[in-house]
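# Results of the structural survey
The primary structure of each chain is shown beneath.
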Amino acid sequence: MELDLPLLWAGIIAFGVFMYVVMDGFDLGIGILFPFVKGREDRDVMMNTVAPIWDGNETWLVLGGAGLFGAFPLAYAVILPALYLPLALMLTALIFRGVAFEFRFKAGDRLRPVWDAGFAAGSIIATFVQGVALGAFLDGFRVENRAFAGGAFDWLTPFALFVGVALVAGYALLGAAWLVLKTEGELQDRIWRMMIPLTAVVLAAVAGVSLWTPLAHEAIADRWVTWPKLFWLSPMPILVAAVALLLLRAEAKRLDRQPFPLALALFGLANAGFCKRVGASILLLVGEGAQDHTWTAIHFRRRGFLCGCVRRCYRCRCDRQRRRGCAPSGRGRCRAGAQDPPGGLR
């Protein structure tokens, strides 16, 4: 049986996007929470919890974008023009955020608040624009003759803006769950007090997106709420409710090891729903067909990219093994005192 490369690459791209959300989501979430933590020492601790890993986390975004370009060039040619402005804004915010991350540790008392503000603003803007792009993707793009035929601001819709706000809340929840796992004392208590309101906002946002999507798109409603498709999708809201109850229980009892994996599970279920929504549409759009004269070249390029993907994942694993951790306290927690991030500017 021949390997189904389009389906395999769709899975790889979905995995890369999910890993970016998981690995960089709590990283961005810490920046989103920055304005709510005023103490310089507490902010240093928050930064130190992600200092060894923050730059490597964004590699998964590169994997998703490069995989889309190499394996599905037609989809890339439609999606990129439709999202030029939000993607450019996202990359600018990520660059500014990265600069602020490094420079704040070297800045004096006068300039450190400026870099703190830059780090928070870059995190919030990058997250919000990612959510807007996701919402625009869910809304769909106007395509004529297999090319984007819409305008430069077609992505700016109420639904896309709502998804952007929802993702900001979601990343903030991931960041808070990470901090209660990695910190202790007064800072941890402050983050615990944020957890339940953040969880409520995220659950409301998930419910809002799940209801808004089928109501706004008849094709999605047909895919989600008609029988027997409704039967196969019914475990999804049940699992979301179960994870939400476990998360609220962990927050009420302050079980610091449980919120982070439960928050990741919540995002995993959301990612599964997203793949269910867009997977068939992408495969329909980019299924060039064996009769297309470009099929042979694209087929072999997918094979080459697959080999490169495996090699890159192996190198990422080796790089992570060489990384150093931050100053430990107790069960791998971070404490004040190690103000220079490992691997940062020296």
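Along each chain, residues carry numbers from 1 onward, in the same order as the chain's sequence is written. Local features are withheld for residues below a pLDDT of 70 in this predicted model, meaning they are given only at 70 or higher, and side-chain atom pairs are given and counted only at 80 or more; totals for whole chains, interfaces and linings count all residues. Computation of side-chain values: all heavy atoms of the structure, hydrogens and water removed.

### Let's talk about the overall build of the chain
Scanning the chain for helices and strands turns up 14 helices and four strands. Scored against the burial criterion, the 346 residues of the chain give a buried share of 47%. We call two residues in contact whenever any of their non-hydrogen atoms come within 4.5 Å of each other. Of the contacts formed within the chain by residues at least 6 apart in sequence, a portion of 79% connects residues at least 24 apart. Where accessible areas are quoted, they stem from the Shrake-Rupley method and a 1.4 Å probe; at the residue level, only the protein chains shown are allowed to cover. Of the roughly 17,300 Å² that the chain leaves accessible, carbon and sulfur atoms contribute 68%. Segments assigned H or I by DSSP are reported as helices when at least four residues long, segments assigned E as strands when at least two residues long, and all are numbered from the N terminus. Partly exposed residues are those whose accessible area sits between 20% and 50% of the maximum for their type, while under 20% is buried and over 50% is exposed, using a 1.4 Å probe and protein chains only.

### Observations concerning unusual backbone geometry
The residue R254 is not glycine, and still its phi comes out positive at about 55 degrees. Mapped onto the elements, R254 comes out in the loop between α12 (235–253) and α13 (259–286). According to the relative accessible area criterion, R254 is partly exposed, its value standing at 40%.

### Observations regarding a nonpolar patch on the surface
Patch membership is restricted to residues that have no salt bridge and whose relative accessible area is over 30%. Joining uses 9 Å for like charges and 5 Å for the nonpolar side chains Val, Leu, Ile, Met, Phe, Trp and Tyr. Note on definitions: salt bridges are taken to be side-chain nitrogens of Lys or Arg within 4 Å of carboxyl oxygens of Asp or Glu. A surface patch of nonpolar side chains, about 500 Å² in accessible area, is lined by Y84, L85, F153, L156 and L161. Topologically, Y84 is positioned in helix α6 (residues 84–103).

### Side note on the packing of aromatic side chains
Two aromatic rings from Phe, Tyr or Trp, using only the six-membered ring of Trp, form a pair when their centres are within 6.5 Å; if the ring planes differ by under 30 degrees the pair is stacked, by over 60 it is edge-to-face, and anything between is tilted. Per the stated rule, a full pass over the model turns up 15 aromatic pairs. Consider the rings of F101 and F119, whose centres lie 5.7 Å apart with planes at 65 degrees: the pair is edge-to-face. On the criterion of sequence distance, the pair formed by F101 in helix α6 and F119 in helix α7 (residues 112–139) is long-range, its members being 18 residues apart. Under the relative-accessibility criterion, F101 is labelled buried at 0%. Look at F119 and you get buried, because its relative accessible area is 0%. Considering the side-chain rings of F162 and W212, the 5.5 Å spacing of their centres and the 45 degrees angle between planes classify their relative orientation as tilted.

### Quick word on the environment of V165
Structurally, V165 can be placed in helix α8 (residues 158–182). Taking C-alpha positions, V165 is 7.1 Å from G131, a pair spaced 34 residues apart along the chain.

### Things to note about the nonpolar core
Ranked by internal contacts, the top residues of the largest apolar core, which has 64 residues, are L33, M46, F101, Y171 and W178. When residues in this core are grouped by element, the largest group, 13 residues, is from α8. The contact partners of Y171, leaving out residues within four places of it in the chain, are Y20, V21, G25, L28, G29, I32, T127, Q130 and F267. Buried Ala, Val, Leu, Ile, Met, Phe, Trp, Tyr and Cys residues that are joined via side-chain atoms within 4.5 Å together make up what is termed a nonpolar core. Residues A71, A82, F137 and A160 belong to the second largest nonpolar core, which totals 18 residues.

### Overview of the pattern of salt bridges
The full count for this structure, using the stated rule, is nine salt bridges. We note a salt bridge from E144 to R142, for which the minimum N-O separation is 3.5 Å. What makes R142 partly exposed here is its relative accessible area of 46%. Across the pair D189 and R254 runs a salt bridge whose closest N-O atoms are separated by 3.2 Å. Taken together, the positions of D189 in helix α9 (residues 186–216) and R254 in the loop between α12 and α13 put the pair 65 residues apart, joining distant regions of the chain. Salt bridges sharing partners connect three or more residues here, namely R43, D44, R104, R112 and D116.

### Some remarks on the confidence of the model for the chain
Values of pLDDT, ranging from 0 to 100, describe the predictor's confidence in every residue of the model. Per-residue pLDDT for the chain averages 78, and the proportion of residues at 70 or more is 74%. Ranking the helices and strands of the chain by mean pLDDT puts α8 first, with 93, and strand β3 (residues 328–329) last, with 42. With pLDDT under 50 throughout, residues 286–300 is counted as low confidence; its partners more than four residues away or in other chains account for 19 contacts. Counted against residues more than four places away or in other chains, residues 324–331, with its pLDDT under 50, gives 21 contacts.

### What to know about the packing of helix α1 (residues 5–33) against α7
Simply put, an axis is a line fit to the C-alpha atoms, just over the touching stretch for a helix, and the angle between two N-to-C directions goes from 0 to 180 degrees. Axis separation between α1 and α7 bottoms out at 8 Å; the angle between their running directions is 135 degrees. As summarised for this structure, α1 and α7 are arranged oblique, according to the angle between their axes. By crossing handedness, the relation of α1 to α7 is classed as left-handed. Of the residues in α7, those touching α1 at Y20, L28, I30, G31 and I32 are F119, A120, S123, I124, A126, T127 and Q130. Residue polarity is assigned by list, with Asp, Glu, Lys and Arg as charged and Ala, Val, Leu, Ile, Met, Phe, Trp, Tyr, Cys and Pro as nonpolar; anything else, Gly included, falls into the polar class. For the contact of α1 with α7, the class distribution of residues is eight nonpolar, four polar and no charged. Roughly parallel means an angle under 35 degrees; roughly antiparallel means over 145; roughly perpendicular covers 65 to 115; every other angle is labelled oblique. For any helix crossing, the convention is left-handed if the near helix is rotated counterclockwise from the far helix by under a right angle, and right-handed if that rotation is clockwise.

### A few points about the packing of α1 against α8
Angle between the axes and distance between the axes are the two parameters that describe a pair of packed helices. Following both chains from N to C, one finds α1 and α8 inclined at 90 degrees, their axes separated by 6 Å at the closest point. One element, α1, and the other, α8, form an angle in the roughly perpendicular class. From α1, Y20, V21, G25, F26, L28, G29, I30, I32 and L33 reach across to α8, where they touch V168, Y171, A172, L174, G175, A176, W178 and L179. Broken down by class, the residue content of the contact of α1 with α8 amounts to 14 nonpolar, three polar and no charged.

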